[in-house]
Amino acid sequence: MGSEKESYLIVDINSHQTKAVFIERTGDGYGVEGTSETPTTVDPPELDVTIGVEKAVRGLGQKLGRELWVSGKPSGAHRLLCSSSTSGGIYMNVAGLIRNISTESAQRAALGAGALLQDVFSYNDPQPRFRMIERMRSLRPEIFLLAGGTDGGAEAQVLNMAGLIEEADVKPRFGDGYKLPVVYAGNVDIREEVSKVLTEDRYATRAVDNVRPLIETENLGPAREGIYDSYMEHVIVHSPGYDKLVEWVEGKIIPTQAAIGKILYAYAQERGVNLLAVDVGGATTDVYSVYDGVFNRSLNADIGLTYGISNIMKEAGIENIMRWMPGDISERKVRNIVGNIMALQPESLSDEERMVQQSAVREAIRLGLEQHKNYATRLKGVRLLRDLGMMFEQALEPSILNLMKTQVVIGRGSIFNDPENLKIASLLLLDALQPWGLTEIYVDISSIMPHTGMLLDSNREAALQILSKACLRKLGTCVAVKGKAEEGVEALTVSMSTSGGVSVEETVAYGELKTLPLGAGESAKIVVNPTKRFDVGVGRGRSLDAKVTGGEHGVIIDARGRPFGTPIKKEALSVWAESLKPRPVAPATKT
Amino acid sequence: MNVSRFGVKLEDETLIRKVRRIPTQGEVFVTVGDAVDAETVIASSTVRNPEAEEVKVFTKLGVEPDQTERYMLKKEGDQVAKDEVIAISRAFFGRFTKTCRSPIDGFIEVFAKSAGRVIVRGNPIPVEVKAHIPGKIAEVIPEEGAVVETRGALVNGVFGVGGEARGELAFAVDQPGEALTTEVMGAGHKGKILVGGSVVTLEALRKAAEMDLNGIVTGGVDQRDLTDFLGHEIGLGLTGEEKVGLTLIITEGFGVHPMRDETFRLLKSHEGEPASIDGTTQIRQRILRPEIVIPLQG
């Protein structure tokens, strides 16, 4: 039994699929022994989430030749962990005192915990109180997060906001007869007073440490844990079948987005890198980032590649979709394809339809990144000590996102699993995110990122091993330069020497994208010499000497400048895509 | 495109149950077993008007907030018309007068004495729900509505705009591959549900709205034309509230798509019969497709 418990059965339940993964120690490491997925059964006609869980687990057992399901429930021989997101996230409202200070911190805590934010309220909101009450009444959240005041600071204003929730008589999403879960993460000195306003008969209030104990300090962990606890105790149990599931699983069931956030944060910390990850689903686009150890998540609800694709066209504009389309295709045709992807939920796409989707994904990510910049900000309200030198640093920008210091970019979502899309996945991510300097590019190839996130607390080593071995596929390392010149003017020269003794040299002109072949698992030393107008992240005209690792697309040299728009000549789009295709090793010499 | 056509039905004859309920509690006018026609009102009530204005009475009168009460002419619950005086202050025997008027038609919802403010809310909005399809009441939902049951043909489209509409099924084309253009539309189509073939043009949509056609069912519509007709981009697959003068249902998809033979034949076999259509579409969870119901005659 003891050794059996070294194995994990991990289930992630999203709105469409229930996916079970079996993880076990093999030899000196952990590996994914099998996966199985079935449609989720939380909606009619089944109305019981455990039916889908049973099918997925039984299917996995059959594949592995093991009895994973015994007497109507999981066998109990393996540790069962579970994440869930059957409605795109936890429907949450957030309230605080000052919009840019406590409310913003509360907002970050909620999003980090996997929230789908319905609205945000502040004491200093310019709209009249009765409008806020009306809005609150109309929303029906699953959880309300209330913050405000530093510890020992503002009291009356925080109680005023608690009073606002009370006055609005906010009803929980899952039914009028239940208590509304409220997580209070404000001034710790007035917890009792808050609980007197939000009375026990109508509110399930949970007090946690302040998200902003000092004006200079943000502390989001306890609020996130409080949200998970409220989600587990007061929200998830109201979904059909979850009462049984809760009994079977070890620990908490946490939102899928939170599990993804946890593993991405752990991965960035483990490697000591800044990371930017995008998760483009059918209906939503999530962006996760870790910069200098600070984690952020944002969600662009209703921006996605099937149900949400028309909304991409609405938000980004048809011209922005069209700009990524190579060749001659009319606007009307693109519009019809977008409409049909939205309305018909296709199971497969033609080449032309795939191209439209590839164009849309670039815009979905671009929109997601724009929104993310507003969430991933330095703490506001903090006095900054600035000297003359700092005046010119990007560190003083409101957003902490720094695309020059992004060492890892990850793409996630079904578009990155499609073998046809995978051929140009690097290009999709580069076009949309436009990192510069040196950046490794990965995609989640197996869709088991939430499972690794669930495993993290139980077995960090296994979770990170599985993430690297079975989940992330490295597409390559990109070296991108900033600068502008006439098309065709030399931007840089690059030389690469592999550990196997192969040397390659290339000259890359402005506007070009070239690849140097370097396979997955291989490493090489590169020297990049930009011309004086270009900067590879170390200053204009200064050379970069670095060790890089390869991937399916090798080392990508991106000399399109930053930021870059789409080229005037549409043919360049096809040339860029072609340049990612594997090619014979260029003239090589043994050193 | 290999499509799933999830949630799309095509039934020659089936039992159709429609839940008809108002969005609030109110009065239900039917009982189980009642025969109803499409226009029968099942239930009605009123809902709170979202239009509300806050009025700072004390600033209009130039008095301290907590002094406002003595100047009020209206109290909570009183009806007020737009520009009607709700508070007045007089000084020097009426020679200097200041008034506060209602910004909208409605009633005084709240008078905050200490704050010297008033909230005027628009009058409640009446709501009612009709049977939409003729049939029998199978179940009553107390204070909310009822379930209407009938036998008939049921056809789902893949996308629609506009809400519920009713009318006689008429055909503008002979073949499912023909386009529905202004040339094939005539005055005789007024008030009807017009079935076309492969596509409906923008001009035909505009003409249909002008001539009070109740609905159009066709294989496809150009997404650009529909956008122009609606006057805004279609964002999410969540429709039904559009006020464009008619209901449009497409059975195959955006672009030019001949209506499937079986759909065309089924609709054709009911030409001249009354139909109830609904363009409401919801694509995502708990998918809802637009529908055409043709109750069995006799």
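Residues numbered from 1 in each chain as written. Chains lettered and ligands numbered in written order. Predicted model: local features only at pLDDT ≥ 70, side-chain atom pairs only at ≥ 80, totals over all residues. Heavy atoms only, no water.

Regarding the overall build of chain B
So the rule is basically this: Segments assigned H or I by DSSP are reported as helices when at least four residues long, segments assigned E as strands when at least two residues long, and all are numbered from the N terminus. Values of the radius of gyration come from C-alpha atoms, whereas the globule rule sets the reference at 2.2 Å times the count of residues to the power 0.38. Residue exposure (1.4 Å probe, protein chains only): buried if accessible area is under 20% of the type maximum, exposed if over 50%, otherwise partly exposed.
Assigned secondary structure in chain B consists of four helices and 24 strands. The C-alpha atoms of chain B give a radius of gyration of 26 Å, which is well past the 19 Å a tight globule of 298 residues would have. Judged by the C-alpha coordinates and their principal axes, chain B covers about 85 × 45 × 40 Å. Looking at chain B as a whole, 49% of its 298 residues qualify as buried.

Points about the side chain of K474 of chain A
Residues and elements named next belong to chain A. Keep this limit in mind: By the counting scheme adopted, Arg and Lys are positive, Glu and Asp are negative, and His together with the chain ends is not counted. For this analysis, a salt bridge means a side-chain nitrogen from Lys or Arg found within 4 Å of a carboxyl oxygen belonging to Asp or Glu. In protein, a polar contact means a hydrogen-donor-capable atom and an acceptor-capable atom, both N or O and within 3.5 Å, with residues adjacent in sequence counting only if both atoms are side-chain atoms; elsewhere, any N or O pair within 3.5 Å suffices.
Residue position: K474 is located in strand β18 (residues 472–480). Here K474 sits buried without a salt bridge, and the closest side chain of opposite charge, E440, lies 4.2 Å off (N-O distance). Within the structure, K474 has its side chain in polar contact with the side chain of T477 (distance 3.1 Å).

As for the sheet that holds strand β10 (residues 117–121) of chain B
Residue and element names in this part refer to chain B. Counted only if it meets this: Pairing between two strands is assigned when DSSP locates at least 2 bridges connecting them.
What the four strands build is an open sheet, ordered β5-β10-β9-β6; its pairing is antiparallel. The open sheet terminates on both sides in strands that have one partner only, identified here as β5 (52–56) and β6 (79–80). Here five bridges tie β5 to β10, and the two strands are oriented antiparallel to one another. Within β10, the residue paired with V55 across the bridge is V118.

A short note on the interface of chain B and chain A
Quick note on the threshold: By the convention used here, residues are in contact when the closest approach between their heavy atoms is within 4.5 Å. Accessible area, probed at 1.4 Å, shrinks when two parts are joined; the buried area is that loss added up over both.
Contact residues are listed per partner, giving 35 residues for chain B and 33 residues for chain A. The junction of chain B with chain A conceals about 3,100 Å² of combined surface from both sides, 50% of it contributed by carbon and sulfur atoms. In this structure, the connection of chain B to chain A is made through six salt bridges. Across the pair R121 of chain B and E134 of chain A runs a salt bridge, and its minimum N-O distance is 2.2 Å. For the side of chain B that touches chain A, the secondary structure elements donating two or more residues are β5, β10, α3 (223–230) and β21 (247–254) of chain B.

Description of the nonpolar core
To keep it simple, the criterion reads: Here the nonpolar core consists of buried residues drawn from Ala, Val, Leu, Ile, Met, Phe, Trp, Tyr and Cys, with membership extended through side-chain atoms lying within 4.5 Å.
Core analysis: the largest hydrophobic core is formed by 89 residues, its most contacted members being F159, I216 and L226 of chain B. Filtering out sequence-adjacent residues up to four positions away, L226 of chain B remains in contact with F159, V161, V221, I234, L248 and F254 of chain B. Judged by nonpolar contacts, the second largest core, of 88 residues, contains V57, V183, Y267 and M454 of chain A.

Concerning the pattern of salt bridges
For the coordinates displayed, the defined rule picks out 63 salt bridges over all chains. For the salt bridge of R366 of chain A with E363 of chain A, the shortest nitrogen-to-oxygen distance reads 2.6 Å. Of this pair, R366 of chain A and E363 of chain A are both found in helix α12 (residues 351–375), three residues apart, which corresponds to roughly one turn of the helix. Relative accessible area serves as the criterion here: at 0%, E363 of chain A is assigned to the buried category. R260 of chain B is the partner of E252 of chain B in a salt bridge, and the nearest nitrogen-oxygen pair spans 3.2 Å. Through salt bridges with shared partners, a single ionic network connects R131 and E134 of chain A together with R48, E109 and R121 of chain B.

As for the sheet that holds strand β2 (residues 27–28) of chain B
Residues and elements named next belong to chain B. Sheet architecture is open: three strands sit in the order β2-β4-β11, paired in antiparallel fashion. Pairing within the sheet leaves two strands with one partner each, and these edge strands are β2 and β11 (125–130). Relative to β11, strand β4 (residues 41–47) runs antiparallel, the two being bridged by six bridges. Following the sheet pairing, S45 is matched in β11 by V127.

Topic: a nonpolar patch on the surface
Residue and element names in this part refer to chain B. Selection rule: Each patch is assembled from residues with relative accessible area greater than 30% and no salt bridge, linking like charges that lie within 9 Å and nonpolar side chains (Val, Leu, Ile, Met, Phe, Trp, Tyr) that lie within 5 Å. We get accessible surface area from the Shrake-Rupley algorithm with a probe of 1.4 Å; when it comes to residues, only the shown protein chains can shield them.
Among the surface-exposed residues, F92, F93 and F96 lie close enough to one another that they form a single nonpolar patch of about 480 Å² accessible area. You can see F92 is positioned in the loop between β7 (85–91) and β8 (96–101). By relative accessible area, which is 59% here, F92 ends up exposed.

Here we look at the domain arrangement of chain B
Rule in force here: Boundary definitions for the domains trace back to an automatic or database domain assignment.
Taken domain by domain, chain B holds domain 1 (52–121) and domain 2 (157–295). Computed over C-alpha atoms only, the centres of domain 1 of chain B and domain 2 of chain B are separated by 51 Å.

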